[in-house]
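# Observations on the model geometry
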Amino acid sequence: GIHYSRAEQELAEFAQRHGIPVVETVAGKSCLLSENPMLVGPIGVTGAQAPNELAAQADLVVAIGTRLQDFTTGSWTLFDAHAEIVGINSASFDANKHFSMPLVCDAREALVELSTGLDQYRTPASWQAEAARLRVDQHSFVESRTTLDGDWPPSYAQIVGRVHHQATKEDYVLTAAGGLPGELNINWESKAIASFDCEYGFSCMGYEIAGAWGAAMARREGEVFALVGDGSYLMMNSEIYSSIVSGHKFILVVCDNEGYAVIDRLQVNQGGVSFNNMLRDVRGPGKDVRVDFVAHAGALGAATFTANSVQELDRALALARQADRTSVIVLGVRASDWTEGGAFWEVGVPEVSDRGQVREARERLEAGLQGRRRGV
C-alpha cells in the first residue's frame, strides 16, 4: 500500500517525527532505505528474528496497506493478544481484520492526517532504544549470513550478499518462488526506494524470468537482477528469448540446488520422508539427469557464465553488467543452508499417523497454535 500510494517519503517522515519503528512485509520491502534509522527489518515467516521480536512487543500496530496475511502475521501468532491494531487500507475487508480500528483511505493521506493529529507526540525513549538495539541485531545477523566463508558452493544468503555487493542504487532486484523470497527478504538491504519485487502471493514459479523481462521494459536506468532456482527456471525460461528479441536486458542468477529443495524441506519438516524432490532420488530409468543450464540459456541467445568460486561469481556479475543482452549466471548452491525466519507458520499435519515423525510434527503444530491471536 505504501508503494501503491507513493507514500514512501510520508512514511519516513511519520516514523522519524513520532519515533515509531517500521517493519516491512514482503510486498512493502524497499519502502524505506536500509540506512533509515527507523527501519528495523522484515517481518513474518519470511522475515527475521529481530523485527519479529519487536513486533511481538508492540502494544499498538499500525498496519499500513497490508492484508495482514498468513506469512506477515506468522499465522496470527506474531502480535500480542492484547495489542491494538489500526488498519489503514483502501479495502475495508483488510482494514477491519482482527478487530482493527479501520481507516479506509489512501495510505499517504492517512499518514499526513495522523501525523497532524499526533502533533509533537513521540514514543517513549525506552521503546526507541529497544528498536535501535534490534536494528543492530538485524544488521549483524545479515552480515553473518551473507559473508562468504570460503567454502563452495555458497549458501543462498551468500549469493544474495555477492549480488548486493555488486548492485548500485539504480539497480532493481526480484525473485519469486521457493526459498529465495525468504533469503532476499531477510538478507537484501535496500539501496533505493521501490527497488525490490517478490512475487510470493501464489509462489509463482517462473515469475522471476517473466517479471524480470517486464521490469527491464519499465526501467530506464540500472540493471535488473533476478534470482531463480533451477526448478523455477524450468517453468518459464522461454521469456529469456523474448527479452533478447525485444531488446530488454536483465541479469538472471540461477541457483542450482539440484532439485526442489524447499519442497523437500517442507516435506521432511512435517514428518514425512524425502520423496522425489531431489534429482539424486528420482526413481526409474535415466535417474539423476541434470540440465545444462548454461548450454540451454545460450541456445536461447543469452550471454552465459558459470561460477565455481567467489572470484568467478564476482567476475561473472561484472561481465553480465557490461553485456549488451540478457545474461545468465549459473552456479551451485548448498541445498539445505537456509536462513531461518523466526516466526511460526501453520502448515497442515495429519492428526493420526503410524509415523513417529509425523506425530512429533503434529505436536509442534499444536504447540505453535497456542500462541495464535484470536480474531475475525
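Up top is the structure these notes are about.
Residues numbered from 1 in each chain as written. Predicted model: local features only at pLDDT ≥ 70, side-chain atom pairs only at ≥ 80, totals over all residues. Heavy atoms only, no water.

The subject of this paragraph is the packing of helix 1 (residues 8–18) against helix 5 (residues 107–118). For any two helices packed against each other, the geometry comes down to the angle between their axes and how far apart the axes lie. Where helix 1 meets helix 5, the closest approach of the two axes is 9 Å, and the angle between their N-to-C directions is 20 degrees. Classified by the interaxial angle, the pair formed by helix 1 and helix 5 is roughly parallel. Here the hand of the crossing between helix 1 and helix 5 comes out left-handed. Along the contact surface, helix 1 presents Glu-10, Leu-11, Phe-14, Arg-17 and His-18, while helix 5 presents Arg-108, Leu-111, Val-112, Leu-114, Ser-115 and Leu-118. Across the contact of helix 1 with helix 5, the residue classes break down as six nonpolar, two polar and three charged. (Axes fitted to C-alpha atoms, helices over the stretch in contact; angles between N-to-C directions. Helix = DSSP H or I, 4+ residues; strand = E, 2+ residues; numbered from the N terminus. Parallel < 35°, antiparallel > 145°, perpendicular 65-115°, else oblique. Left-handed = near helix turned anticlockwise from the far one by under 90°. Contact = heavy atoms within 4.5 Å. Nonpolar A, V, L, I, M, F, W, Y, C, P; charged D, E, K, R; others polar.)

Turning next to the nonpolar core. Residues Leu-184, Trp-188, Leu-227, Val-253 and Ile-329 are the most contacted members of the largest nonpolar core, which totals 32 residues. Apart from residues no more than four positions distant in its own chain, Leu-184 is found in contact with Lys-29, Val-160, Val-173, Thr-175, Phe-196 and Leu-227. Counting residues in each nonpolar core, the second largest holds 21 residues, with Leu-174, Ile-209, Val-224 and Tyr-233 among its members. (Core = buried A, V, L, I, M, F, W, Y, C linked by side-chain atoms within 4.5 Å. Buried < 20%, exposed > 50% of the residue type's maximum accessible area, 1.4 Å probe, protein only.)

It is worth spelling out the pattern of salt bridges at this point. Close approach of charged atoms lets side chains of opposite charge pair. Per the stated rule, a full pass over the model turns up 16 salt bridges. One salt bridge in this structure joins Asp-171 and Arg-321, with 2.7 Å as the shortest N-O distance. Here the residue Asp-171 occupies a position in the loop between helix 7 (156–166) and strand 6 (172–175), and Arg-321 occupies one in helix 14 (residues 310–322), the gap between them amounting to 150 residues. Look at Asp-171 and you get buried, because its relative accessible area is 5%. The exposure class assigned to Arg-321 is partly exposed, which follows from its relative accessible area of 27%. The shortest N-O distance in the salt bridge between Glu-258 and Arg-290 comes to 2.8 Å. Pair noted here: Glu-258 is in the loop between strand 9 (251–256) and helix 12 (261–269) and Arg-290 is in the loop between helix 12 and helix 13 (293–299), with a separation of 32 residues, a long-range link. For Arg-290, a relative accessible area of 40% gives the class partly exposed. One continuous salt-bridge network, built from bridges that share partners, spans Glu-53, Glu-130, Arg-133 and Asp-137. (Salt bridge = Lys/Arg side-chain N within 4 Å of Asp/Glu carboxyl O.)

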